[in-house]
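Residue-level structural notes
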Amino acid sequence: QTLFSVLEEDVCEEPGVPNGCKPVLPKRGEWALTEKLAYEKQVLGFYFSGHPLFRYRSEIEYFTNMDTRKYSERKSVNNAKERIAIAGIVSEIIRRKDNRNRIPVVMMMEDQFGRFEVAIPVRSLDKFEMFLKEGENYLVIGNTNDNSYGNGMQQNSGTLRVYPDMILRFGELP
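Quick summary incoming for the structure in this document. (Residues numbered from 1 in each chain as written. Predicted model: local features only at pLDDT ≥ 70, side-chain atom pairs only at ≥ 80, totals over all residues. Heavy atoms only, no water.)

**Focus on the packing of aromatic side chains**
When we look at a pair of aromatic rings, we describe it by the centre distance and by the angle of the planes. Tallied over the entire structure, the rule returns four aromatic pairs. Geometrically, the ring pair formed by F131 and Y138 is edge-to-face, given 5.3 Å between the ring centres and 90 degrees between the ring planes. Of the two residues, F131 and Y138, neither departs from the other in class, the shared state being buried. (Phe/Tyr/Trp six-rings, centres within 6.5 Å; stacked < 30°, edge-to-face > 60°. Buried < 20%, exposed > 50% of the residue type's maximum accessible area, 1.4 Å probe, protein only.)

**Brief notes about the sheet that holds strand 1 (residues 83–95)**
The five strands are arranged 1-2-3-5-4 in a closed barrel whose pairing can be described as mixed. Between one strand axis and the next, the sheet turns through 55 degrees on average, direction left out of account. Both strand 1 and strand 2 (residues 105–110) contribute to a ladder of six bridges, which runs antiparallel. Opposite I93, over in strand 2, you have M107 as the bridge partner. (Pairing = 2+ DSSP bridges. Helix = DSSP H or I, 4+ residues; strand = E, 2+ residues; numbered from the N terminus. Axes fitted to C-alpha atoms, helices over the stretch in contact; angles between N-to-C directions.)

**Comments concerning the pattern of salt bridges**
Following the criterion strictly, the structure yields seven salt bridges and no others. Note that E110 is salt-bridged to K41, the shortest N-O span being 3.0 Å. Of this pair, E110 sits in strand 2 while K41 sits in helix 2 (residues 33–44), placing them 69 residues apart in sequence. Overall, the relative accessible area of 8% leaves E110 in the buried class. Note that R115 and E92 form a salt bridge whose closest N and O atoms lie 3.7 Å from each other. In this pair, R115 is assigned in strand 3 (residues 115–120) and E92 in strand 1, connecting sequence segments 23 residues apart. Connected through shared salt-bridge partners, K41, E92, E110 and R115 make up one network. (Salt bridge = Lys/Arg side-chain N within 4 Å of Asp/Glu carboxyl O.)

This is how it looks when you write it as structure tokens:
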């Protein structure tokens, strides 16, 4: 006899409760993939059965020249300003006051391999405000490690930071 067989032999006296006191679960349909992935990320902290960007893999392969795996393999990118195109899903929006009392925005994004930052300085907020939505998938085109902004946005060492010139939704790609 096992622990589970012992539990199944319990008898409940309540009407409508089957033998073993197991709850009656309602019949539900299968979740849509996007809903399933959202719950996986919420509960596990990562995507288990896929990734929201997988359905855009042909567009990502065609339009991008960088991902977080390539970035971590190429240390030379850390020292130079480089023009890149990278795809990701927005995981967090961070707004902090800088040393001049302005509030720049950092969008934390994830691709299939890791996290990266999209730094939006105060002067570009009007242009990119409509893209500040968690859970959205975007193609970001811009420069890496541009120190000309001087706006107090601290960069995490080793993390790819992109200063966008353009952010596109996948449905808007040519």
